[in-house]
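# Descriptive analysis of the structure
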Amino acid sequence: MRTGLTYLLKSLAVLISRLSAFAAQYRALPTLGFTHFQPAQLTTVGKRATVWIQELLWDLRNIKRARDDIGFRGAKGPTGTQASFLALFDGDHDKVEELEKLVATRSGFQYIYPVTSQTYSRKIDIDVLAPLASLGATAHKIATDLRLLASLKVVLFDANANSDMTDVIGQEVEEPCESTQIGSSAMAYKRNPMLSERVCSLSRHLMVLQQNALMNSSVQWFERTFDDR
Ligand SMILES: *[C@@H]1O[C@H](CO)[C@@H](O)[C@H](O)[C@H]1NC(C)=O
């Protein structure tokens, strides 16, 4: 889990960096802002992107916290006690502690959970999946904004030039389109924002996964039950 979160943090940092460059580039480009999805007031393309970036930065912080909090279960027996190790070392408690530290270090962990049952607490799964589900909400919001913008076909003019059609910069947001990509069998001219659609779909799946951790953690009877398998 820790390694996986590290991969994710790197990708997220790249995304934030690219989006920041985009926001800086278009910081002064005016566009129509919406409240309640109704045309409201002018904003800028770059400013809108900063709303996305801020949420991604919070996700980065939360995921990093979750990763850095992950500890090691340690060398503990089937009910979470160290009775079998104590017997192995003829009652030498120090050796039991030392073994646990050595095993943890070999596994790349400094922090060992002081108390466990047969397994590490499934609350840990909740704490890892929570910031991931939250990232899902951020990604879903961003991709939905992109889908709506792609549909609106808002045309942008160069504010510094004379406003006739020769100054049209382009549409605010459009997904890249392959040369052979077709919209649908009946309407080949359509340009569906299919990348954003996929982001939304995967995001919903990510958000739903957290429910599993909540359910699983809540049914851990005593030291552990097996009805969760
Ligand atoms: C639920 O927790 C148990 C530990 O009691 C674990 O073995 C199992 O993989 C978990 N199941 C899911 C679906 O997370």
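Residues numbered from 1 in each chain as written. Predicted model: local features only at pLDDT ≥ 70, side-chain atom pairs only at ≥ 80, totals over all residues. Heavy atoms only, no water.

## A few points about the UniProt feature "domain: Fumarate lyase N-terminal" (unreviewed entry) in the protein chain
Under the present numbering, the feature "domain: Fumarate lyase N-terminal" (unreviewed entry) in UniProt falls on residues 6-151. Summarising residues 6-151: 64% helix, 9% strand, and an end-to-end C-alpha distance of 35 Å. (UniProt positions renumbered as here; feature names shortened; annotations may be inferred. Helix = DSSP H or I, 4+ residues; strand = E, 2+ residues; numbered from the N terminus.)

## As for the environment of Tyr-26
Locating Tyr-26 in the fold gives a position in the loop between helix 1 (2-25) and strand 1 (30-35). For the pair Tyr-26 and Lys-47, spaced 21 residues apart in sequence, the C-alpha to C-alpha distance is 8.1 Å. The residues touching Tyr-26, leaving out its near neighbours within four places in the chain, are Thr-44, Val-45 and Gly-46. (Contact = heavy atoms within 4.5 Å.)

## Here we look at the nonpolar core
In this structure, Leu-5, Leu-12, Leu-56, Ile-63, Ile-70, Val-128 and Leu-132 are the most contacted members of the largest nonpolar core, which totals 25 residues. Elements with a contribution of two residues or more to this core: helix 1, helix 2 (45-69) and helix 5 (123-152). With seven residues, the top contributor of residues to this core is helix 5. Viewed by domain, this core spans two of them, domain 1 (1-70 + 121-176 + 188-229) and domain 2 (72-119), each represented by three or more residues. When sequence neighbours within four positions are dropped, the list of residues in contact with Ile-63 reads Leu-5, Leu-8, Leu-9, Leu-12, Pro-131, Leu-132 and Leu-135. (Core = buried A, V, L, I, M, F, W, Y, C linked by side-chain atoms within 4.5 Å. Buried < 20%, exposed > 50% of the residue type's maximum accessible area, 1.4 Å probe, protein only. Domains from an automatic or database assignment.)

## Some points on the domain arrangement of the protein chain
Taken domain by domain, the protein chain consists of domain 1 (1-70 + 121-176 + 188-229) and domain 2 (72-119). Distance between the C-alpha centres of domain 1 and domain 2: 41 Å. Counting residues at the interface gives nine residues for domain 1, matched by nine residues for domain 2. Contact with domain 2 buries surface across domain 1, with Arg-2, Ile-70 and Glu-223 losing the most and accounting together for 51% of the total. Run the count over domain 1 and domain 2 and you get zero salt bridges. The tally of links between domain 1 and domain 2 comes to five residue pairs in polar contact (both at pLDDT 80 or more). Of the residues contributing to the side of domain 1 that touches domain 2, the split by class is three nonpolar, one polar and five charged. (Buried area = accessible area lost by both parts, 1.4 Å probe. Salt bridge = Lys/Arg side-chain N within 4 Å of Asp/Glu carboxyl O. Polar contact = N/O pair within 3.5 Å; in protein donor to acceptor, adjacent residues only side chain to side chain. Nonpolar A, V, L, I, M, F, W, Y, C, P; charged D, E, K, R; others polar.)

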